[in-house]
Amino acid sequence: MFDGLKDKLSGFREDVEASTEVDEEASPEEGAAPGSDADASDEAPEGGAAATAAEADAVEADETTSDDDEPSTFQRAKAFATGRIIIEEEDLEEPLWNLEMALLESDVEMSVAEQILDSVRESMLGESRKQVETTGELVESALHDALLDVIAVGQFDFEQRIAEADKPVTIVFTGVNGVGKTTSIAKLSEWLADRGYSSVLANGDTYRAGANEQIREHADRLGRDLISHDQGGDPAAVIYDGVEYAEANDIDVVLGDTAGRLHTSDDLMAQLEKIDRVVDPDMTLFVDEAVAGQDAVNRAKEFDDAAAIDGAILTKADADSSGGAAISVAYVTGKPILFLGTGQGYDDITRFDPEALVESLLDEE
Ligand SMILES: Nc1nc2c(ncn2[C@@H]2O[C@H](COP(=O)(O)OP(=O)(O)OP(=O)(O)O)[C@@H](O)[C@H]2O)c(=O)[nH]1
């Protein structure tokens, strides 16, 4: 999953390794000429390459950082003697540029890419590399934290929220046509059943001909009840009926489908607001395709504006190689990705785990 992005992230590691290798070869000479640098003093070690950790420690009290936050000669000498790496702005310039291009090519949203770059730059420069031993580890740790910060925005434990909420819990699904809303509802109904929660489906897609038949097929296959009205009916009324049915029959969760709509169709977006008002769902989940990249990110924003979403489901992650939507949606909307659709079967849904995603993106295998 997301192999394209994974390759590009490992390109960044290689870039930084290449640029610091050149630097490390140069650094003994720099340290070997005490006084040749403006920051050097008589107490400077005899040469970076030969300096021992003890010698370097001896100058610790005098260790200074120049005004522009560049490491001083002492710092460089000590770092070299103790086997650590000094990474300077200029070492990162080209790798960061390449990383930015790689993220944008992978459909990562611009503000998200910038946030990742800022945080990588900040954690790689200066003193924050003490615990790491190699440049590769330094890059990995910086990328890990930068990615996790943007991907994990707003995360909450979906199962716990279902467990703790008053029943029935009403969940409404929104999104554009054909992205996998109805299939995701069926998958989630199975996911809930596996955890002991009953659910009823309510078809708020009264707009599209054939919508009732489509969701009916899923309901029949799964043995779930379905609440539906005729085509042209009021979607808010259908979902409302679903809630009443769940209350009367002691059902834990109402899963309300809605018509696929473009964020530009004003009347349909107004309809979503009405559902929000009439039904007051416990959660509204936005569904879109991982493969839609930036489009999915923009749509998430628009739908969130029309009827505030609580989280997102990204479908077709099995077919995606760019990963941009998975990286960007949470940061841009402030709402978490909760599930990934990973195929067409009812079991092909998985809880979105930011830590696991970051680890797999940085996995060198
Ligand atoms: N590969 C893959 N296909 C999926 C996934 N989720 C849904 N699909 C397929 O995407 C197609 C559209 O899914 P639907 O559930 O009909 O989409 P929808 O958003 O309800 O569509 P409308 O009702 O037209 O708005 C179907 O062929 C699904 O089998 C997924 O995670 N992976």
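Looking at an unreviewed UniProt entry, one finds the chain named Signal recognition particle receptor FtsY and attributed to Halorubrum sodomense. Under the UniProt heading Sequence similarities (unreviewed entry), the note attached to the chain is "Belongs to the GTP-binding SRP family. FtsY subfamily."

Peer 1: Looking at this structure, how should I read the overall build of the chain?
Peer 2: The number of helices and strands found in the chain is 14 helices and 8 strands. Split into buried and exposed, the 365 residues of the chain put 46% on the buried side. Relative to all contacts within the chain whose residues are 6 or more apart in sequence, the contacts with residues 24 or more apart total 74%.

Peer 1: What is the right way to look at the domain arrangement of the chain in this model?
Peer 2: Accessible area lost during the coming together of the parts is what is often quoted as the interface size. Considered domain by domain, the chain is made up of domain 1 (3-151) and domain 2 (158-353). Contact with domain 1, which involves 13 residues of that partner, is made by 13 residues of domain 2. Each residue belonging to the side of domain 1 that touches domain 2 can be placed in one class, and the counts come to 6 nonpolar, 4 polar and 3 charged.

Peer 1: How should unusual backbone geometry be read in this particular structure?
Peer 2: Leave glycine aside and you will find that most residues have negative phi; peptide bonds, for their part, are mostly trans. With omega at -5 degrees, the peptide bond leading from K167 into P168 counts as cis. Examined against the element boundaries, P168 turns out to sit in the loop between α7 (158-164) and β1 (169-174). Positive phi values are uncommon outside glycine, yet D250 reaches one of about 60 degrees. A positive phi angle, near 60 degrees, is found at K316, a position not held by glycine. The residue K316 is located in the loop between β6 (311-315) and α13 (324-333) in this model. Among the residues examined, K316 registers 20 C-beta atoms within 10 Å and is labelled buried.

Peer 1: Would you mind going over the site of the ligand with me for this structure?
Peer 2: Contacts to the ligand come from 19 residues, most closely from G180, T182, T183, G260 and G341. Considering each element in turn, the shell around the ligand owes the most residues, 3 residues, to helix α8 (residues 181-194).

Peer 1: What is the right way to look at the packing of helix α12 (residues 294-306) against α13 in this model?
Peer 2: Helix-helix packing: each pair is described by the crossing angle between the helix axes and the interaxial distance. One way to put it is that α12 packs onto α13 with a least axis distance of 8 Å and a crossing angle of 25 degrees. When the interaxial angle is binned, α12 and α13 end up roughly parallel. In this structure, α12 crosses over α13, and the sense of that crossing is right-handed. Judged by residue contacts, Q294, A296, V297, A300, K301 and D304 of α12 engage G324, A325, S328, V329, V332 and T333 from α13. Of the residues contributing to the contact of α12 with α13, the split by class is 6 nonpolar, 4 polar and 2 charged.

Peer 1: Sorry if this is basic, but what is going on with the sheet that holds strand β3 (residues 226-227) here?
Peer 2: Sheets are built from strands paired through backbone hydrogen bonds, the pairs being either parallel or antiparallel. Taken in spatial order, the 8 strands line up as β3-β2-β4-β1-β5-β6-β7-β8 in an open sheet, and their pairing is mixed. Of all strands in the sheet, those bounded by a partner on one side alone are β3 and β8 (349-351). As paired elements, β1 and strand β5 (residues 283-289) share 4 bridges and run parallel to each other. Within β5, the position partnered with F173 by the bridge is L285. Sitting on the sheet, helix α11 (residues 266-279) is in contact with β1, β2 (199-204) and β4 (253-258), with an inclination near 180 degrees to β1.

Peer 1: Help me understand the nonpolar core, please; the structure alone is not making it clear to me.
Peer 2: Nonpolar side chains in soluble globular proteins tend to end up buried together. In this structure, L147, I239, V254, L285, A312, L314 and V329 are the most contacted members of the largest nonpolar core, which totals 88 residues. The leading source of residues in this core is helix α6 (residues 135-151), at 8 residues. No fewer than three residues from each of domain 1 (3-151) and domain 2 (158-353) sit in this core. The contact partners of L147, leaving out residues within four places of it in the chain, are I116, I327, V358 and L361.

Peer 1: Which parts of the structure should I look at to understand the packing of α6 against α13?
Peer 2: Direction vectors running N to C along α6 and α13 enclose 55 degrees, while the axes themselves pass 7 Å from each other. Regarding the angle of α6 to α13, the classification is oblique. In contact with L147, V150 and I151 of α6, α13 contributes I327, A330 and Y331. Residues that form the contact of α6 with α13 fall into these classes: 6 nonpolar, no polar and no charged.

Peer 1: For this particular structure, what's the right way to read the environment of V329?
Peer 2: Considering the arrangement of structural elements, one finds V329 in helix α13. The sequence separation of V329 and L192 amounts to 137 residues, and the corresponding C-alpha distance is 24 Å. Excluding residues that lie within four positions of it along the chain, V329 makes contacts with A296, V297, A300, A312 and I337.

Peer 1: What is the right way to read helix α5 (residues 110-124) from this model?
Peer 2: The α-helix winds at 3.6 residues per turn, so residues separated by three or four positions along the chain end up facing the same way. Over its 15 residues, α5 runs 21 Å from end to end, which matches the ideal 21 Å to within 8%, given 1.5 Å per residue. Turning to α5, the residues buried within the fold contact α4 (89-105), α6 and α13.

Cut-off values and rules
- Residues numbered from 1 in each chain as written.
- Predicted model: local features only at pLDDT ≥ 70, side-chain atom pairs only at ≥ 80, totals over all residues.
- UniProt positions renumbered as here; feature names shortened; annotations may be inferred.
- Helix = DSSP H or I, 4+ residues; strand = E, 2+ residues; numbered from the N terminus.
- Buried ≥ 20, exposed ≤ 12 C-beta atoms within 10 Å, placed from the backbone.
- Contact = placed C-beta atoms within 7 Å.
- Domains from an automatic or database assignment.
- Nonpolar A, V, L, I, M, F, W, Y, C, P; charged D, E, K, R; others polar.
- Near = placed C-beta within 6 Å.
- Axes fitted to C-alpha atoms, helices over the stretch in contact; angles between N-to-C directions.
- Parallel < 35°, antiparallel > 145°, perpendicular 65-115°, else oblique.
- Left-handed = near helix turned anticlockwise from the far one by under 90°.
- Pairing = 2+ DSSP bridges.
- Core = buried A, V, L, I, M, F, W, Y, C linked by C-beta atoms within 7 Å.
- Expected span 1.5 Å × (residues − 1).

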